[in-house]
Amino acid sequence: MDSALSDPHNGSAEAGGAANGTARPPSTPEGIALAYGSLLLMALLPIFFGALRSVRCARGKNASDMPETITSRDAARFPIIASCTLLGLYLFFKIFSQEYINLLLSMYFFVLGILALSHTISPFMNKFFPANFPNRQYQLLFTQGSGENKEEIINYEFDAKDLVCLGLSSIVGVWYLLRKHWIANNLFGLAFSLNGVELLHLNNVSTGCILLGGLFIYDVFWVFGTNVMVTVAKSFEAPIKLVFPQDLLEKGLEADNFAMLGLGDIVIPGIFIALLLRFDISLKKNTHTYFYTSFAAYIFGLGLTIFIMHIFKHAQPALLYLVPACIGFPVLVALAKGEVTEMFSYESSAEILPHTPRLTHFPTVSGSPASLADSMQQKLAGPRRRRPQNPSAIYEESNPKDPAAVTEGSKEGTAASASKGLEKKEK
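Figured I'd write up the structure that's included with this text. (Residues numbered from 1 in each chain as written. Predicted model: local features only at pLDDT ≥ 70, side-chain atom pairs only at ≥ 80, totals over all residues. Heavy atoms only, no water.)

Considering the overall build of the protein
At step 1: For the protein, the count of helices and strands is 18 helices and 6 strands.
At step 2: Counting only residues that meet the buried cut, the protein has 43% of its 427 residues in that class.
At step 3: At a minimum sequence separation of 6, the contacts of the protein that also span at least 24 residues come to 75%. (Helix = DSSP H or I, 4+ residues; strand = E, 2+ residues; numbered from the N terminus. Buried < 20%, exposed > 50% of the residue type's maximum accessible area, 1.4 Å probe, protein only. Contact = heavy atoms within 4.5 Å.)

Encoded structure:
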């Protein structure tokens, strides 16, 4: 996970120096300010809109768009997994040819980028379709096994509008695959960020603090302690970072002296900000105090990162400044309002489960995920069968028309009532 803001002077020059070894001309103050401002704006857009869409996602009943909930155990393990992944990529780039690795990664992110961008633009594109548009429904079903052992691996429902969105996203994908243009890279990067903020949900504030605290240490170590993260960020030709050229005013769209911001610096604080928005809504006070506070804290933290980087001319771990701001500001507000207990006792998953029950395994029945979720909910809401407490109650249920036998059985014992009831029936 790339999670560093690159040095606009040293970092980018090392990443894309001229082939003949000549140094790049220094960037103008206007170009640097434009690059910084654009990166800040691009970071804010997926956080703001992804948080809003996360609320609709949590309230929705479509199981195919069910968010993935991050628990405290997941949060504790994530920095370790991210460190192993980062170190593995670093070793791969050192041992194997960078060209072939980036080719495989480009194909992988080509597919993921098309799907992510299609999901991102789908709500906006629906407004442009005419009312009489022939919107046919389709289903992609992939199963494993047969009979009672059949399991659904993929069950994806889509319609004709989704196919149009996939077609438009494929154009961007081909553009990125052929040219690796920075605009196509940013379109994919923004789509990944927005989908991450929308579909990755922290279950509570404590889990968010564990995740951000762990990645705080992860970011500081791999940026200041080693050159691993910066090396991977410069070698990794994939849309895992947002870039903006500092020489755009001089070279136009063909500019190549980039400042960059890792997607981890957007998604990780973004899912915490989205959690606070859902907490605001749960308070039912018609205010979004904690969301706006954390959003302002993110702007402050990222702005401070850019300022420090500009002063010291060195790549900075953005989470070093973002984590204290995004956690500290909302907690101070909660202390001032006396809502610390409510904040840390809030459970985001409690709002999801009543609407969209989670499937821990795939049932052996056919149907869409939405219909399966509805059937499970109906079964859970159905009347429960009362468990008989004693044998006399069983006899009463099996012989409802013989109250005398039941009465007699309750006085003389279970066995006697059963035998007398049978004798009366025979007479």
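Looking at the pairing of strand 5 (residues 241-245)
At step 1: Strand 5 sits mainly inside the fold: 5 of its 5 residues count as buried.
At step 2: Both faces of strand 5 are covered, namely the face carrying Lys-241, Val-243 and Pro-245 and the face carrying Leu-242 and Phe-244.
At step 3: Looking at chain direction, strand 5 and strand 6 (residues 258-262) are connected through 5 bridges and run antiparallel. Pairing of Lys-241 across the sheet is with Gly-262, part of strand 6. (Pairing = 2+ DSSP bridges.)

Focus on the pattern of salt bridges
Oppositely charged side chains are able to pair whenever their charged atoms sit close together.
At step 1: Taken as a whole and judged by the stated rule, the model has 6 salt bridges.
At step 2: Ionic pairing is found between Lys-251 and Asp-247, a salt bridge with its closest N-O pair at 3.8 Å.
At step 3: Judged by its relative accessible area of 45%, Lys-251 falls in the partly exposed class.
At step 4: Here Glu-339 ties to Lys-285 by a salt bridge, and the two come within 2.4 Å at their closest N and O atoms. Taken together, the positions of Glu-339 in the loop between helix 12 (319-337) and helix 13 (340-345) and Lys-285 in the loop between helix 10 (264-283) and helix 11 (289-312) put the pair 54 residues apart, joining distant regions of the chain.
At step 5: Overall, the relative accessible area of 6% leaves Glu-339 in the buried class. (Salt bridge = Lys/Arg side-chain N within 4 Å of Asp/Glu carboxyl O.)

Considerations on the nonpolar core
At step 1: One finds Phe-236, Ile-266 and Tyr-298 to be the most contacted residues of the largest nonpolar core, which totals 77 residues.
At step 2: At 11 residues, the largest contribution of residues to this core is made by helix 10. (Core = buried A, V, L, I, M, F, W, Y, C linked by side-chain atoms within 4.5 Å.)

Notes on helix 10
At step 1: The end-to-end C-alpha distance of helix 10 is 29 Å, a good match for the 28 Å that 20 residues give at a rise of 1.5 Å each.
At step 2: Of all 20 residues making up helix 10, 17 are buried, and the element is well covered by its neighbours.
At step 3: Two residues or fewer after helix 10 comes Lys-284, characterised by a positive phi angle close to 55°. (Expected span 1.5 Å × (residues − 1).)

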